[in-house]
Amino acid sequence: MQTFDCEILILGAGPAGLSAALAAARCGKSVMMLDDNPRPGGQIWRDGPQVSLPQHARQLRQAVAEQPRITLLNGARLIARPTPHSVVFETADDCGEIRWQRLILCCGARELSLPFPGWTLPGVTGAGGLQAQIKHGLQLKGERVVIAGSGPLLLAVASTVKRAGGNIVAIIEQAPMTALARFAAGLWRWPEKLRQFGELFPAHYHSASQVTHAQGDSYLQSVTVLHQGKSREIVCDRLAIGYGLVPNIEPAAIFGCKTENQAIWVDAEQRTSVQDIYAAGECTGFGGSELALAEGEIAGYAAANCPENAQTAITAHDRWQRFARALHVTFALPDSLKDVVTPDTLLCRCEDVRCGDVQHAESWQAAKLASRCGMGACQGKTCATSARWLYGWSLPQPREPLSPARIDTLIHLAKPEG
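Here's what I pulled together on the structure shown here.

Reading guide: rules and limits
Residues numbered from 1 in each chain as written. Predicted model: local features only at pLDDT ≥ 70, side-chain atom pairs only at ≥ 80, totals over all residues. Heavy atoms only, no water. Helix = DSSP H or I, 4+ residues; strand = E, 2+ residues; numbered from the N terminus. Rg over C-alpha atoms; globule rule 2.2 N^0.38 Å. Buried < 20%, exposed > 50% of the residue type's maximum accessible area, 1.4 Å probe, protein only. Contact = heavy atoms within 4.5 Å. Areas by Shrake-Rupley, 256 points an atom, 1.4 Å probe, with all protein chains shown as cover. Lys, Arg positive; Asp, Glu negative; His and termini not counted. Charge placed at Lys NZ, Arg CZ, Asp CG, Glu CD. Core = buried A, V, L, I, M, F, W, Y, C linked by side-chain atoms within 4.5 Å. Pairing = 2+ DSSP bridges. Axes fitted to C-alpha atoms, helices over the stretch in contact; angles between N-to-C directions. Phe/Tyr/Trp six-rings, centres within 6.5 Å; stacked < 30°, edge-to-face > 60°. Expected span 1.5 Å × (residues − 1).

Digging into the overall build of the chain
Along the backbone of the chain there are 13 helices and 21 strands. The C-alpha radius of gyration computed for the chain amounts to 22 Å, which stays within 12% of the reference 22 Å derived for 418 residues, consistent with globular compactness. Projecting the C-alpha coordinates of the chain onto the three principal axes gives extents of approximately 65 × 50 × 35 Å. By the burial criterion, 51% of the 418 residues in the chain qualify as buried. A fraction of 66% describes how many contacts in the chain between residues 6 or more apart in sequence connect residues 24 or more apart. Here the chain has roughly 19,000 Å² of accessible surface; of this, 50% comes from carbon and sulfur atoms. Here the chain contributes 39 positively and 39 negatively charged side chains, and the mean placements of these two sets differ by 4 Å.

Here we look at the environment of R406
Inspection of the secondary structure puts R406 in the loop between α12 (383–391) and α13 (407–414). Here R406 falls in the partly exposed class, since its relative accessible area comes to 27%. A sequence separation of 218 residues divides R406 from W188, and the C-alpha atoms of the two residues are 52 Å apart. The residues touching R406, leaving out its near neighbours within four places in the chain, are E90, T91, A92, D93, D94 and C95.

Structural notes on the nonpolar core
Core analysis: the biggest nonpolar cluster contains 28 residues, and I8, I10, V31, M33, W45, I70 and I104 have the highest contact counts within it. Within the residue set of this core, elements represented by two or more residues are β1 (2–11), α1 (15–26), β2 (31–34), α2 (55–66) and α8 (289–303). Sequence-distant contacts of I70, defined by excluding residues within four places in its chain, comprise A21, L22, A25, V31, M33 and V64. Counting residues in each nonpolar core, the second largest holds 27 residues, with V145, L180, F183 and L327 among its members.

Details of the sheet that holds strand β10 (residues 167–173)
Taken together, five strands build an open sheet; the order of strands is β8-β15-β9-β10-β11 and the sheet is parallel. Strand pairing shows two members of the sheet lacking a second neighbour, β8 (124–126) and β11 (205–206), which therefore form its edges. The pairing of strand β9 (residues 144–149) with β10 spans six bridges and is parallel. The partner of A148 across the bridge, within β10, is I172. Contacting β8, β9 and β15 (238–242), helix α3 (residues 127–135) runs over the sheet at an angle of about 95° to β8. Contacts from helix α4 (residues 153–163) reach β9, β10, β11 and β15, with the element oriented near 175° to β10.

So, the packing of aromatic side chains
All chains considered together, the criterion is met by eight aromatic pairs. Pairing W320 with F323 gives two aromatic rings, centres 5.7 Å apart and planes at 85°, and the pair type is edge-to-face. Of this pair, W320 and F323 are both found in helix α9 (residues 311–330), three residues apart, which corresponds to roughly one turn of the helix. The buried category is assigned to W320, whose relative accessible area is 5%. Judged by centre distance (6.3 Å) and plane angle (50°), the ring pair of W364 and W393 falls under tilted. Here W393 lies in the loop between α12 and α13 and W364 lies in helix α11 (residues 364–371), a separation of 29 residues in the sequence. Judged by relative accessible area, which is 8%, W364 ranks as buried. Classification of W393 as buried rests on a relative accessible area of 7%.

Digging into α1
Over its twelve residues, α1 runs 17 Å from end to end, which matches the ideal 16 Å to within 8%, given 1.5 Å per residue. For α1, a buried count of eleven out of twelve residues is recorded, marking the element as mostly surrounded by other parts of the structure. Buried within α1 we find P15, A16, G17, L18, S19, A20, A21, L22, A23, A24 and A25. Check the buried side of α1 and you find it contacts β1, β2, α2, β3 (70–73), β6 (95–105) and α8. A positive backbone phi angle near 85° is found at G28, which sits one or two residues after α1.

What to know about the side chain of H317
Structurally, H317 is set in helix α9. Each residue touching H317, except ones within four places of it in the same chain, is listed here: Q270, L291, A294, E295 and I298.

This is how it looks when you write it as structure tokens:
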């Protein structure tokens with residue numbers, strides 16, 4: 001068991017975490033970063049053999065690597081909070097404890113997958129999941145791909161699929177064309193996003209549509225798409241689904257931080273409701289990498305007692321917060337998306353729990369007690385997020401350990417203080 005001390009600990013090394021670390025280090029603070037990925041960058045800047053990272057991402061990573069006041073621990077999972085100002089983490093080979101004075105939560109978000117009949121067939125993945133597979137070397141070589149769900153991530157995934165040799169046969173977007181047109185008409189306020197939108201917007205894009213079924217014997221063969229009350233079948237080899245992102249708020253709940261609208265609540269300087277704890281990036285609400293970078297910089301300077309250095313970041317934050325609001329209005333998910341769920345639709349893939357098994361439960365905890373829902377290998381990371389949207393359940397207070405841990409780590413946690 002290793003023990004570390006730092007002035008500022010940052011959980012997460014995505015855009016917000018990298019930006020926060022550099023800001024705090026510029027103020028002379030000792031910074032430690034804890035991240036469960038093998039390389040910094042988070043999900044949006046995930047590295048791999050088929051990745052060409054944006055120049056800004058490369059510059060940030062290099063700046064963090066060259067900053068002597070920053071220590072980055074990759075491949076490290078948050079396990080527990082043994083005291084109000086310390087955390088225990090675990091790597092593939094060891095475990096450790098970090099004692100901190102200030103904490104910045106940059107925990108990111110996870111994809112929202114909405115269940116429908118056939119969504120657990122081999123060949124069906126999350127949209128971001130398929131993108132991650134491609135970045136790590138997956139070649140599609142002419143495979144027919146349908147991308148379905150909601151939000152600008154669908155277009156980014158389509159671009160990645162094309163570069164991997166895939167054939168995009170359809171992009172199925174639930175938002176209506178009227179909302180998309182209003183969104184596009186307002187993009188002049190963010191010229192860089194307008195250029196991206198023009199470069200990414202592909203053929204075979206279908207608005208006001210939804211995948212209702214996935215068909216196949218042992219592997220995906222086709223999907224059924226509903227548009228204006230009419231169904232049609234599309235032959236395909238892969239389906240990538242993603243209905244936006246849901247903030248990761250479990251670490252905040254462990255520390256007792258207030259949440260609002262299923263995200264971590266923060267004030268204008270990214271302070272949470274708990275003293276000495278800040279939050280930035282998608283765990284405070286999705287808004288894209290530009291907003292995450294601005295929030296991280298503000299949090300880093302505030303945590304380092306240098307808030308006066310954050311004026312440029314505050315201006316950028318206000319600009320990109322307006323863009324985030326436009327995203328949320330355009331791609332808001334209607335309750336009608338739930339209509340495709342049947343009692344036989346699988347909710348928890350790990351434990352083979354169907355929606356009909358839990359649909360009358362009063363809470364996530366009641367569903368787990370009655371059906372083992374969320375008690376499999378992923379510990380509810382997918383099904384709990386889906387269930388909260390489907391049934392309106394609140395997030396229960398997480399219990400430690402937050403991730404599966406080795407016996408020696410648990411023994412350390414069980415030791416009395418002193």
